[in-house]
There are 2 protein chains.
Amino acid sequence: MTTETLNTDTDTAYVHGYSPVEARRLGDQADTLAALLHEGTAYPPGSRVLEAGCGVGAQTVHLLTAGPDMRLTAMDLSADSLARARDRVSAQAPGADITWVHGDLHRLPFPEASFDHVFLCFVLEHLADPVAALAALRRVLRPGGTITVIEGDHGSALFHPEGPGARRTIDHLVRLQAEAGGDALIGRRLHPLLSEAGFGRVEVRPRTMYADAARPALVESFTRRTFIAMVEAVRPGALAAGLATPEEFERDLAELRRTAEPDGTFLYTFFKATAVNP
Amino acid sequence: MTTETLNTDTDTAYVHGYSPVEARRLGDQADTLAALLHEGTAYPPGSRVLEAGCGVGAQTVHLLTAGPDMRLTAMDLSADSLARARDRVSAQAPGADITWVHGDLHRLPFPEASFDHVFLCFVLEHLADPVAALAALRRVLRPGGTITVIEGDHGSALFHPEGPGARRTIDHLVRLQAEAGGDALIGRRLHPLLSEAGFGRVEVRPRTMYADAARPALVESFTRRTFIAMVEAVRPGALAAGLATPEEFERDLAELRRTAEPDGTFLYTFFKATAVNP
């Protein structure tokens, strides 16, 4: 699960790419996952909130739905993503009080204690030094302010039928993300990362997505159009890196696709953390 | 996660053994997990309920707490376990209407449609043919009656720090259980298994246990005293099978124990299914 990268590298370092298809996938994904991920997150009227790494605005619109009267600052490293996020928010939340910032998480363009709350979703997974990023975000958060972090963990993918090929396609994604400096297995580490960055009252809760034949809409929107689509999107990178031949990649992908058939099942766990700047 | 086996083999086939320490572990485990696993399960007064594979009664007392006025039949293959279950229930739910049956899941000693509800917890994982067992249970369930099945899935174990040794100790357990004819990765298969056995309206929900330094009591009761204790209990079997030397086993176990340290995290997903006999 991903949104736009905040790597200081060029855009091409973003493991999922920046194509229109990818932007649509991120939109579908956010809609499907919204209830699961955003439940419990609503910022009070007037509060100053920073969304760091807003990407194409997939999560931004959900934040604004839950807290329409907050004062939101949405930041991203990619000017192109930011433009798309602005279009999306204009269409879906036209009256929102929102400031768009083209900026880098590693050089935050805000004074200390500028925000009451910070929100990140699918951002830390792309960073080479997530603790440094969290510590930087803590400095722009007022004492007593909160941070909310949502991440996936590809090691949580559990499915039937199990198979080495299906597992291999996911491993390609994990490996390419690691080579780009990220960590696709970061969800399980949120507690130690936030603690190390100086946050207090760290609370992590798993949020589990599970789909089987009893929930065909979820099989379609999550298993197929979110997870398998994400794995499929690494095909060019996996082939270029020599991780698989085109035939091997197709065969392994077919194995993963079996989990979306009527006798298949698919489970994925997200991690949602909240913590306080002491 | 386990309770007494219903294998038709001798007692020694039960991968976790029958020692008093094991019985206490199962009791601790049931207490810790009770809220997570039993939430939503309460049988109405007067309803005829079969608990198949009640073991030492670890789940039985929770069933009786939630539905004290049901008419419960508790069955197990092990006379010794059944005696312990009876003691436990006498102490904790003395007035319960309960019939104890020393019987085999593969040769159910009940007429057709004898029960309104059937309940199984940590039983299918030990069976060579879970579909046959479910189909047999369906025959003693009245039309319109429900079945509730709870199972773990060791493939869901997700932890920090991750390490090959920690993973290996879990693999020993999975392998020994497979060699005894069971499947420690059965949770993800509940939907297809129940469907294949002829049940309708199959609904599976994951129930996730997660422990980190913010919840030290859960680290102690679940990560250490339930999961790691279970893995540790396969030491004799793993050594006898030549899966590891004593030194290797200790080193790998130490790696798994790291997940219960203050910077560690541990997650495990149970699967709870309900279905209807059409």
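Keep in mind the model is a prediction, meaning the values are calculated, not measured.

J.: Talk me through the overall build of chain A; I want residue IDs and the actual numbers.
T.: Across its full length, chain A holds nine helices and eight strands. Expressed as a percentage of the 278 residues in chain A, the buried residues total 60%. Put simply, 80% of the contacts in chain A that link residues at least 6 apart link residues at least 24 apart. Summed over all atoms, the accessible surface of chain A reaches about 10,200 Å², with 53% contributed by carbon and sulfur.

J.: Which residues make up the interface of chain A and chain B, and what are the values?
T.: Counting residues at the interface gives 26 residues for chain A and 26 residues for chain B. When the two sides are added together, the surface that chain A and chain B hide from each other amounts to roughly 2,100 Å², 65% of it contributed by carbon and sulfur. Sorting the residues of chain A by area buried against chain B places Leu158, Arg188 and His191 of chain A first, and these three jointly supply 29% of that buried surface. Inspection of the chain A/chain B interface yields two salt bridges. In this structure, Arg188 of chain A and Glu162 of chain B form a salt bridge, with 2.8 Å as the shortest nitrogen-oxygen distance.

J.: So what's going on with the relation of the copies chain A and chain B? Residues and values would help.
T.: Overlaying chain A with chain B gives an RMSD of 0.0 Å, the required rotation being 180° about an axis along which the chain moves by 0.0 Å. Each copy turns onto its partner about a two-fold axis. The C-alpha atom lying nearest the rotation axis in chain A is that of Ser156 of chain A; the distance is 3.2 Å. Of the residues that chain A buries at the interface, 100% are likewise interface residues in chain B, meaning the two copies contact each other through the same surface.

J.: For helix H7 (residues 216-232) of chain A, give the residues involved together with the corresponding values.
T.: Side chains that are three or four residues apart share a direction in an α-helix, a result of its 3.6 residues per turn. Residues and elements named next belong to chain A. For H7, with 17 residues, the first-to-last C-alpha span of 20 Å runs short of the 24 Å given by 1.5 Å per residue. Of all bends in H7, the biggest is about 25°, found at Thr223. Within the span of H7, buried status applies to Leu218, Val219, Ser221, Phe222, Thr223, Thr226, Phe227, Ile228, Met230 and Val231.

J.: Kindly report on the environment of His62 of chain A, identifying the contributing residues and their values.
T.: Structurally, His62 of chain A can be placed in helix H2 (residues 60-66). Spatially, the C-alpha atom of His62 of chain A lies 19 Å from that of Phe115 of chain A, the residues being 53 residues apart in sequence.

J.: Outline the side chain of His160 of chain B, listing residues and values.
T.: As for its position among the elements, His160 of chain B is in strand E6 (residues 158-160). When neighbours within four sequence positions are excluded, His160 of chain B is seen to be in contact with Arg188, Arg189 and Pro192 of chain A together with Thr259, Asp263, Gly264 and Thr265 of chain B.

J.: Account for the packing of helix H7 (residues 216-232) of chain B against helix H9 (residues 246-257) of chain B, with residues named and values stated.
T.: The relative placement of two packed helices comes down to the angle between their axes together with the axis-to-axis distance. Residues and elements named next belong to chain B. In contact at an axis separation of 11 Å, H7 and H9 are set at 170° when each is read in the N-to-C sense. Judged on the interaxial angle alone, H9 and H7 are roughly antiparallel. Residues Phe227, Ile228, Val231 and Glu232 of H7 pack against Phe249, Leu253, Leu256 and Arg257 of H9. Class assignment for the residues of the contact of H7 with H9 results in six nonpolar, no polar and two charged.

J.: Outline the packing of aromatic side chains, supporting the account with residue identities and numerical values.
T.: Under the definition given, this model contains 20 aromatic pairs over all chains. Consider the rings of Tyr210 of chain A and Phe271 of chain B, whose centres lie 5.9 Å apart with planes at 70°: the pair is edge-to-face. In this pair, Tyr210 of chain A sits in strand E7 (residues 200-212) while Phe271 of chain B sits in strand E8 (residues 265-276), so the two residues belong to two different chains. Per residue, the accessibility class of Tyr210 of chain A equals that of Phe271 of chain B, and both read buried. Here Tyr268 of chain A and Phe270 of chain A contribute two aromatic rings whose centre-to-centre distance is 4.9 Å and whose plane-to-plane angle is 55°, an arrangement assigned as tilted. Exposure class is identical for Tyr268 of chain A and Phe270 of chain A. Each is buried. Ring-pair connections join several aromatic residues into one group, and the members of that group are Phe122, Phe159, Phe222, Phe227, Phe266, Tyr268 and Phe270 of chain A.

J.: If you had to explain the pairing of strand E3 (residues 97-102) of chain B to someone new, which residues and values would you point to?
T.: Residues and elements named next belong to chain B. Across six bridges, strand E2 (residues 71-76) lies against E3 in parallel orientation. Bridging across to E3, Thr73 finds its partner in Thr99. At this point the chain moves from E2, through helix H3 (residues 79-92), to the parallel E3, and the crossover so formed is right-handed.

J.: Talk me through the pairing of strand E1 (residues 48-52) of chain B; I want residue IDs and the actual numbers.
T.: Residues and elements named next belong to chain B. Where burial is concerned, most of E1 is hidden: four out of the five residues are buried. The parallel pair E1 and E2, bridged by helix H2 (residues 60-66), forms a crossover whose chirality is right-handed. Pairing analysis gives three bridges linking E1 to strand E4 (residues 115-121), with the strands arranged parallel. Bridging across to E4, Leu50 finds its partner in Val118.

J.: Can you break down the state of the cysteines residue by residue, with the values?
T.: Simply put, the disulfide is a covalent bond whose two ends are the sulfur atoms of two cysteines. Residues and elements named next belong to chain A. Enumeration according to the criterion identifies zero disulfides over all chains in this entry. In this structure Cys54 is a free cysteine whose sulfur lies 12 Å from that of Cys121, the closest cysteine sulfur available. For Cys54, a relative accessible area of 1% puts it in the buried group.

J.: Now, about the side chain of His126 of chain B: what can you tell me, with residues and values included?
T.: Within the element layout of this structure, His126 of chain B appears in the loop between E4 and helix H4 (130-139). Only 3.4 Å separates the side chain of His126 of chain B from the side chain of Glu125 of chain B, close enough to count as a polar contact.

J.: Talk me through the pattern of salt bridges; I want residue IDs and the actual numbers.
T.: Under the definition given, this model contains 36 salt bridges over all chains. The shortest N-O distance in the salt bridge between Asp183 of chain A and Arg189 of chain A comes to 2.8 Å. Residue classification places Asp183 of chain A among the buried positions, given a relative accessible area of 19%. Linked by salt bridges that have partners in common, Asp153 and Arg188 of chain A together with Glu162 and Arg167 of chain B make up one network.

J.: Can you tell me about the confidence of the model for chain A, naming the residues and giving the values?
T.: Residues and elements named next belong to chain A. In the predicted model, chain A carries a mean pLDDT of 91, and 88% of its residues have values of at least 70. Under a pLDDT of 50 for its full length, residues 2-12 has, in the predicted model, 55 contacts with residues more than four places off or in other chains. Note on the complex model: pTM 0.89, ipTM 0.88.

Definitions and cut-offs
- Residues numbered from 1 in each chain as written.
- Chains lettered and ligands numbered in written order.
- Predicted model: local features only at pLDDT ≥ 70, side-chain atom pairs only at ≥ 80, totals over all residues.
- Heavy atoms only, no water.
- Helix = DSSP H or I, 4+ residues; strand = E, 2+ residues; numbered from the N terminus.
- Buried < 20%, exposed > 50% of the residue type's maximum accessible area, 1.4 Å probe, protein only.
- Contact = heavy atoms within 4.5 Å.
- Areas by Shrake-Rupley, 256 points an atom, 1.4 Å probe, with all protein chains shown as cover.
- Buried area = accessible area lost by both parts, 1.4 Å probe.
- Salt bridge = Lys/Arg side-chain N within 4 Å of Asp/Glu carboxyl O.
- Least-squares fit on C-alpha atoms with pLDDT ≥ 70 in both.
- Expected span 1.5 Å × (residues − 1).
- Bend = angle between axes of the 7 residues up to and from the residue.
- Axes fitted to C-alpha atoms, helices over the stretch in contact; angles between N-to-C directions.
- Parallel < 35°, antiparallel > 145°, perpendicular 65-115°, else oblique.
- Nonpolar A, V, L, I, M, F, W, Y, C, P; charged D, E, K, R; others polar.
- Phe/Tyr/Trp six-rings, centres within 6.5 Å; stacked < 30°, edge-to-face > 60°.
- Pairing = 2+ DSSP bridges.
- Right-handed = clockwise from strand over helix to strand, strands pointing away.
- Disulfide = S-S within 2.5 Å.
- Polar contact = N/O pair within 3.5 Å; in protein donor to acceptor, adjacent residues only side chain to side chain.
- pLDDT = per-residue confidence, 0-100.

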